[in-house]
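For reference, the chains in residue letters:
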Amino acid sequence: MDLNQTRVFVEVVRAGGFAAAGRRLGLPKSTISARIQALETRLGAQLLKRSTRQLALTSEGTAFFERVAGAVDSLVDAEAASTAEDGVLSGTIRFTAPLEFPRDAITQAISGFLRQHPRVRFQITLTNHPVDLVAENIDLALRGGHPGGAGLIIRKVGQIRMSLFASPHYIERCGRPACDADLAAHDLLLFSSASPSRVLRAAELVGQIEPRIASDNLAFLRRMAIAGVGIAALPEALVAHDVAAGRLEQVLAAWGGEPAALHIVFPSRKDMSPRVKAFADHLAEALQGTPVSIEPNAGFEKA
């Protein structure tokens with residue numbers, strides 16, 4: 001049995017193609033293709049359907065992937081753990097974070113960690129959609145708000161501060177609200193999961209208005225606010241550069257919307273490798289340089 005062939009197959013499936021898998025493994029595309037062909041020949045079955053633009057699993061490929069993926073991960077982690085015993089971290093960290101979380105913070109955290117640990121690799125997924133950490137083989141996730149389903153291990157690292165922002169053009173055209181009650185006369189831009197009651201603290205106003213725009217994409221709401229469409233409730237960290245550049249202004253500075261908790265989430269404590277634990281500590285420390293309230297020495301708890 002050639003375990004290198006099986007590992008290449010698992011990476012091809014996860015990466016979605018030969019070239020992407022080659023980049024992850026540090027191998028040329030020709031080597032990836034040759035190992036997949038050798039594996040299919042050895043097994044006597046076609047595992048992948050190939051076209052110029054698409055790669056898909058056959059039924060035999062799906063069954064084989066489900067049987068071997070976990071075993072391959074265990075072998076890779078065991079090798080990395082043995083190396084970690086000598087004080088050198090290695091292996092791949094699979095990490096996911098919200099698409100709109102301040103990218104400078106994540107970029108600096110990952111680049112700094114890679115400089116300290118040159119044998120570590122990352123597979124990174126930035127998405128606003130919930131990711132099944134177990135099914136997608138994710139080592140850790142950065143999540144705002146509710147951390148996820150039962151059984152996950154969560155580490156609360158801080159809170160995302162929310163405030164109201166509008167463009168200078170909107171304020172010149174529509175005026176600046178002086179109190180919460182004034183918001184009822186303005187066009188509000190809200191995240192889809194945020195009800196007006198979280199923005200309008202005056203109880204008598206709840207139910208009297210609807211947001212001008214509701215969206216599940218904070219980056220889109222930010223662009224709408226910059227374009228002068230209305231007043232948006234946004235994370236301070238997301239628009240810090242826009243405020244500094246004069247593209248947005250904070251309104252109702254004393255408003256202080258309900259903050260969203262910020263968590264680092266793990267699928268389980270049992271499978272937490274030394275490199276994942278080290279990166280989680282590094283990430284929590286790196287977040288202290290962002291406009292996020294950090295809770296020092298935050299511990300772990302089970303969701």
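Shown above is the structure to which this text applies.
Here goes a summary of the coordinates provided. (Residues numbered from 1 in each chain as written. Predicted model: local features only at pLDDT ≥ 70, side-chain atom pairs only at ≥ 80, totals over all residues. Heavy atoms only, no water.)

## Here's the deal with the pattern of salt bridges
Turning to step 1, where the next piece is worked out: As enumerated under the stated definition, the model contains 9 salt bridges in all.
Turning to step 2, where the next piece is worked out: Ionic pairing is found between Asp 139 and Arg 94, a salt bridge with its closest N-O pair at 4.0 Å. In this pair, Asp 139 is assigned in the loop between strand 4 (120-126) and strand 5 (140-144) and Arg 94 in strand 3 (residues 91-97), connecting sequence segments 45 residues apart. Taken as a pair, Asp 139 and Arg 94 share a single burial class, namely buried.
Turning to step 3, where the next piece is worked out: Each of the salt bridges in this network shares a partner with another, and the network as a whole consists of Arg 155, Lys 277 and Asp 281. (Salt bridge = Lys/Arg side-chain N within 4 Å of Asp/Glu carboxyl O. Helix = DSSP H or I, 4+ residues; strand = E, 2+ residues; numbered from the N terminus. Buried < 20%, exposed > 50% of the residue type's maximum accessible area, 1.4 Å probe, protein only.)

## Observations regarding the side chain of Thr 6
Turning to step 1, where the next piece is worked out: On the secondary structure map, Thr 6 appears in helix 1 (residues 3-15).
Turning to step 2, where the next piece is worked out: Since its relative accessible area comes to 6%, Thr 6 is described here as buried.
Turning to step 3, where the next piece is worked out: Residues in contact with Thr 6, not counting those within four places in the same chain, are Leu 39, Arg 42, Phe 64, Val 68 and Val 72. (Contact = heavy atoms within 4.5 Å.)

## Side note on the nonpolar core
Turning to step 1, where the next piece is worked out: If you look at the biggest cluster of nonpolar residues, it comprises 27 residues, and the most contacted ones within it are Ile 93, Phe 95, Leu 140, Leu 142, Ile 264 and Phe 279.
Turning to step 2, where the next piece is worked out: Elements represented by at least two residues in this core include exactly strand 3, helix 5 (103-116), strand 4, strand 5, strand 6 (153-166), strand 11 (257-266) and helix 10 (274-286).
Turning to step 3, where the next piece is worked out: Look past the residues within four positions of Phe 279 in its chain and what remains in contact with it is Ile 93, Phe 95, Ala 109, Ile 110, Phe 113, Phe 122 and Leu 140.
Turning to step 4, where the next piece is worked out: Counting residues in hydrophobic clusters, the runner-up holds 18 residues, among them Val 8, Val 12, Ala 21 and Val 76. (Core = buried A, V, L, I, M, F, W, Y, C linked by side-chain atoms within 4.5 Å.)

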